[in-house]
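What follows is each chain in one-letter form.
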Amino acid sequence: MYAVVGKVSLDPGRMDEVIGSLEGMVIPTVTSQEGHVTSYFTRSADGTNGLSMSVFDTKEQAEASAATMASPPEAPVTIENVEVREVIGSG
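Please read these numbers as outputs of a predicted model, since none were measured by experiment. (Residues numbered from 1 in each chain as written. Predicted model: local features only at pLDDT ≥ 70, side-chain atom pairs only at ≥ 80, totals over all residues. Heavy atoms only, no water.)

Participant: Help me out: how do you make sense of the environment of Y40 in this one?
Facilitator: Relative to the elements of secondary structure, Y40 occurs in strand β2 (residues 36-43). In this structure Y40 comes out as exposed when scored by relative accessible area, which is 54%. C-alpha separation for the pair Y40 and I27, spaced 13 residues apart in sequence, amounts to 9.4 Å. What Y40 contacts, discounting residues up to four positions off in sequence, is L51, S52 and M53. (Helix = DSSP H or I, 4+ residues; strand = E, 2+ residues; numbered from the N terminus. Buried < 20%, exposed > 50% of the residue type's maximum accessible area, 1.4 Å probe, protein only. Contact = heavy atoms within 4.5 Å.)

Participant: Looking at this model, I keep getting lost on the environment of I19. Mind explaining?
Facilitator: Examined against the element boundaries, I19 turns out to sit in helix α1 (residues 15-31). Residue I19 is classed as partly exposed on the basis of its relative accessible area of 33%.

Participant: I'm lost on the sheet that holds β2 in this one. Help?
Facilitator: Hydrogen bonds along the backbone pair up the strands of a sheet, which may run parallel or antiparallel. With respect to topology, four strands assemble into an open sheet ordered β2-β3-β1-β4, the strand pairing being antiparallel. Bordering the open sheet on either side are β2 and β4 (77-86), each of which pairs with just one other strand. Strand-to-strand, the axes of this sheet are offset by a mean angle of 15°, without reference to chain direction. Bridge analysis of β2 against strand β3 (residues 49-56) gives seven bridges, and the strand direction is antiparallel. Bridge assignment links T38 to a residue of β3, and that residue is V55. Helix-sheet contacts for α1 involve β1 (2-10), β2, β3 and β4, and the interaxial angle to β2 is about 170°. Sitting on the sheet, helix α2 (residues 59-66) is in contact with β1, β3 and β4, with an inclination near 20° to β1. (Pairing = 2+ DSSP bridges. Axes fitted to C-alpha atoms, helices over the stretch in contact; angles between N-to-C directions.)

What is shown is where atoms sit, not what they do.
Pasting the structure below:
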């Protein structure tokens, strides 16, 4: 399996928009992608940054998902980094 790991900056003053976008658009989009296994989305205690991990069956599926990650210019989320990594263990 392979994971798409994303790092984002968040506008903590717009957290309702962040969560609304996540629940209304991001999660439905990611979970509908071919090979999706599971996803986790996290935020820091101060709400200024987040990390996500979405797991896919194959490297190709993870790369295809990573290629779709984008945020509009006025969004309360700015994508800082996206990586595809091999999953080497779980618990």
